[in-house]
There are 2 protein chains.
Amino acid sequence: MNKKCIIRLLRYKNALHRLNTLGFVKIFSDNLADAVGVTATQVRKDFSLFGISGNKRGGYQIDALIEKLNGLMGKDELQEVVIVGGGNIGTALMKYKGFEKEGIKIVACFDIDPSKYQKKEKEVSVMALEELKDFVKARKIKIGIIAVPEIAAQQVLDHMLAAGIKGIVNFAPIRLRGSADCVINNVNLVLELETVIYFIVNGLNKMIGEIHEDQKS
Amino acid sequence: MNKKCIIRLLRYKNALHRLNTLGFVKIFSDNLADAVGVTATQVRKDFSLFGISGNKRGGYQIDALIEKLNGLMGKDELQEVVIVGGGNIGTALMKYKGFEKEGIKIVACFDIDPSKYQKKEKEVSVMALEELKDFVKARKIKIGIIAVPEIAAQQVLDHMLAAGIKGIVNFAPIRLRGSADCVINNVNLVLELETVIYFIVNGLNKMIGEIHEDQKS
DNA sequence: GATTTATAGTGAAAAAAATCACAAAAAAAC
DNA sequence: GTTTTTTTGTGATTTTTTTCACTATAAATC
Ligand SMILES: NC(=O)c1ccc[n+]([C@@H]2O[C@H](COP(=O)([O-])OP(=O)(O)OC[C@H]3O[C@@H](n4cnc5c(N)ncnc54)[C@H](O)[C@@H]3O)[C@@H](O)[C@H]2O)c1
Ligand SMILES: NC(=O)c1ccc[n+]([C@@H]2O[C@H](COP(=O)([O-])OP(=O)(O)OC[C@H]3O[C@@H](n4cnc5c(N)ncnc54)[C@H](O)[C@@H]3O)[C@@H](O)[C@H]2O)c1
């Protein structure tokens, strides 16, 4: 079984979700491939690896496929997520409405700057960093987002680990190290831009295909 | 030459930048590997592929290395970038101070919602989408960021292509297709979270290593 | 109901990427 | 100034990932 395959499965699931809400009922491997940006063979191979099967000459039933993928991906229960750092990125994430439909809920944000604290109905509360540990332990939260300046990232990671967080998306432009006990996905938005710039400046538009790669550790 | 290698080179560059500002002068392949999350052999192999050499038993001179990488990456001139969509993500990016030191400058934002328009000193102006084309053409801007709702993304892409944009980072959770004439880097933040959730829910913390992969097309 | 056709499924082959293993060379130690 | 140590550089090898080439099968057509 292929490591990258897992990320592709998540992509398939998201694409199928979209196609489903658009009213599609059945899909062929090449449509799905197209939506996600891979080859049809790859889609079928991935499915084959995970024991997903469709109907020969009939394609795949979208709802059954989504169900199967959700099962494989363990996306049955709503995942509660906390953010540390209520600045630009943290706020953007808090305000984003698109998480819920993927079974993700941002339940709280923690900051050290008291001017950021807020407690409103309908909005995500911003609390003192000191409250993180109790909050996370009480609600058994497993996933956290780091949206603090680079300089504070390692320290925040330590707080999160102490609180029992098991998975982190880190937006600080520094590679935080995970462990057997905690997976970290380092997302570097500047790098996303730089990558594009590289291809433009060097006229490598030809080099089409999957290119970027993040790191989980 | 390896495709992923290019992204690693950008990572090396960023890490070196950081180490440099921290006062380091020279570095060994294993330090750099550590900072970026790869093996020392990989670092040397990558450098070898791009004709970068250091000093046996002496490691690499950081400033010379940065210069060489900048040369290879074509990061000599300041890159001006426009955003379309002045909402949550667009605003976060506009306010972010970390681009300039990587030679990137957000010069303007375009939106269809007049309530978002603003023209202040010191801040990035938000203008009407209709002004995009002239602005981009006049300043010969090559790079754009799409930060509009999914439903509007394809249309915005068309506007950008018409304006002459050659490279795009797209935050809408839909795969926009590039062409020989335009590179698109689709960034999906929900997927970044979902990936972490997958690893936690399935107890695959063991599966340490580089995992995530974005797409440029 | 036979034939054609489109599509899934998959072992085999190819391609791509990472790692290994070791030579070369520079610095350090003696 | 010789030996040891440390680190780079890279061809060879291994591993991983993708693609190919083909079979099986269900639907559509005749
Ligand atoms: N905004 C962007 O578009 C953008 C782009 C690329 C990368 N990033 C990275 O994302 C991270 C956040 O960026 P931002 O623009 O939102 O920054 P920001 O300065 O707007 O927000 C950071 C927040 O973290 C809080 N904070 C600082 N130290 C803390 C600590 N120890 N514990 C808890 N909270 C703390 C601050 O009070 C502030 O509210 C940074 O590492 C940045 O480099 C941001
Ligand atoms: N905010 C997040 O944390 C987050 C997370 C994941 C993905 N995204 C994606 O990023 C994109 C932007 O998200 P957001 O939260 O910033 O949305 P938002 O609704 O806050 O902002 C969207 C902006 O785009 C403008 N807009 C709409 N149609 C437009 C058009 N045709 N031309 C120009 N401008 C137009 C709107 O006026 C608005 O200002 C969305 O596709 C979203 O799915 C955002």
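Residues numbered from 1 in each chain as written. Chains lettered and ligands numbered in written order. Predicted model: local features only at pLDDT ≥ 70, side-chain atom pairs only at ≥ 80, totals over all residues. Heavy atoms only, no water.

**Some words on the protein's contact with DNA strand D**
Consideration 1: In the vicinity of DNA strand D, 22 residues are found, and the nearest of them are B:Ser29, B:Ser53, B:Gly54, B:Arg57 and B:Tyr60.
Consideration 2: In the interface set of DNA strand D, defined as its atoms within 4 Å of the protein, sugar plus phosphate atoms amount to 61%.
Consideration 3: Between a phosphate oxygen of DNA strand D and a side-chain N or O atom of A:Arg8, the distance comes to 2.9 Å.
Consideration 4: Here a phosphate oxygen of DNA strand D sits 2.6 Å away from a polar atom, N or O, in the side chain of B:Ser29.
Consideration 5: Here the element with the most residues in the surface near DNA strand D is helix α3 (residues 40–49) of chain B; it accounts for four residues.
Consideration 6: When the residues that make up the surface near DNA strand D are grouped by side-chain class, the tally is two nonpolar, eleven polar and nine charged. (Near = heavy atom within 4 Å. Polar contact = N/O pair within 3.5 Å; in protein donor to acceptor, adjacent residues only side chain to side chain. Helix = DSSP H or I, 4+ residues; strand = E, 2+ residues; numbered from the N terminus. Nonpolar A, V, L, I, M, F, W, Y, C, P; charged D, E, K, R; others polar.)

**Regarding the pattern of salt bridges**
Consideration 1: In the structure shown here, the tally under the stated rule is 16 salt bridges over all chains.
Consideration 2: One salt bridge in this structure joins B:Arg177 and A:Asp34, with 2.9 Å as the shortest N-O distance. Here A:Asp34 lies in helix α2 (residues 29–36) and B:Arg177 lies in the loop between β7 (167–170) and β8 (183–186), a pairing that spans two chains.
Consideration 3: Residue B:Glu80 pairs with B:Arg139 through a salt bridge whose shortest N-O separation is 3.1 Å. Taken as a pair, B:Glu80 in strand β3 (residues 79–84) and B:Arg139 in helix α6 (residues 132–139) lie far apart in primary sequence, 59 residues in all.
Consideration 4: What makes B:Glu80 partly exposed here is its relative accessible area of 23%.
Consideration 5: Given the relative accessible area of 41%, B:Arg139 is considered partly exposed. (Salt bridge = Lys/Arg side-chain N within 4 Å of Asp/Glu carboxyl O. Buried < 20%, exposed > 50% of the residue type's maximum accessible area, 1.4 Å probe, protein only.)

**Notes on the site of ligand 2**
Consideration 1: For ligand 2, the set of nearby residues contains 24 residues, the closest of which are A:Tyr96, B:Ile89, B:Asp111, B:Lys116 and B:Val148.
Consideration 2: Chains contributing residues near ligand 2 are chains A and B.
Consideration 3: One nitrogen or oxygen atom from the main chain of B:Val148 is found 2.6 Å from an oxygen atom belonging to ligand 2.
Consideration 4: One nitrogen or oxygen atom from the main chain of B:Phe171 is found 3.5 Å from an oxygen atom belonging to ligand 2.
Consideration 5: Considering ligand 2 on its own, with 820 Å² of exposed area, one finds that the protein chains cover 88% of that surface. (Areas by Shrake-Rupley, 256 points an atom, 1.4 Å probe, with all protein chains shown as cover.)

**Some remarks on α3(B)**
Residue and element names in this part refer to chain B.
Consideration 1: Every buried residue of α3 is accounted for by Ala40, Val43, Asp46 and Phe47. Taken end-on, α3 shows its buried residues confined to a sector of 130°, consistent with a single buried face. In α3, the exposed positions that point more than 90 degrees away from the buried face belong to Thr41 and Lys45.
Consideration 2: Of the residues one or two after α3, glycine 51 is the one with positive phi, at around 70°. (Arc of directions from axis to C-beta.)

**Some points on the side chain of B:Asn186**
Residues and elements named next belong to chain B.
Consideration 1: As for its placement among the helices and strands, asparagine 186 is situated in strand β8.
Consideration 2: Reaching out from asparagine 186, the side chain makes a polar contact with the side chain of asparagine 170 at a distance of 2.9 Å.
Consideration 3: Only 3.1 Å separates the side chain of asparagine 186 from the backbone nitrogen of leucine 176, close enough to count as a polar contact.

**Examining the protein's contact with DNA strand C**
Consideration 1: Every one of the 23 residues lining DNA strand C counts as a neighbour, but A:Ser29, A:Ser53, A:Gly54, A:Arg57 and A:Tyr60 are closest to it.
Consideration 2: Taking A:Ser48, its side chain carries an N or O atom lying 3.1 Å from a phosphate oxygen of DNA strand C.
Consideration 3: Contact distances for DNA strand C include 3.5 Å between a base oxygen and a side-chain N or O atom of B:Lys45.
Consideration 4: Of all the elements in the fold, those that place two or more residues in the surface near DNA strand C are α3 (40–49) of chain A together with α1 (3–21) and α3 of chain B.
Consideration 5: For the surface near DNA strand C, the leading source of residues is α3(A), giving four residues.
Consideration 6: Per-class residue counts for the surface near DNA strand C are three nonpolar, eleven polar and nine charged.

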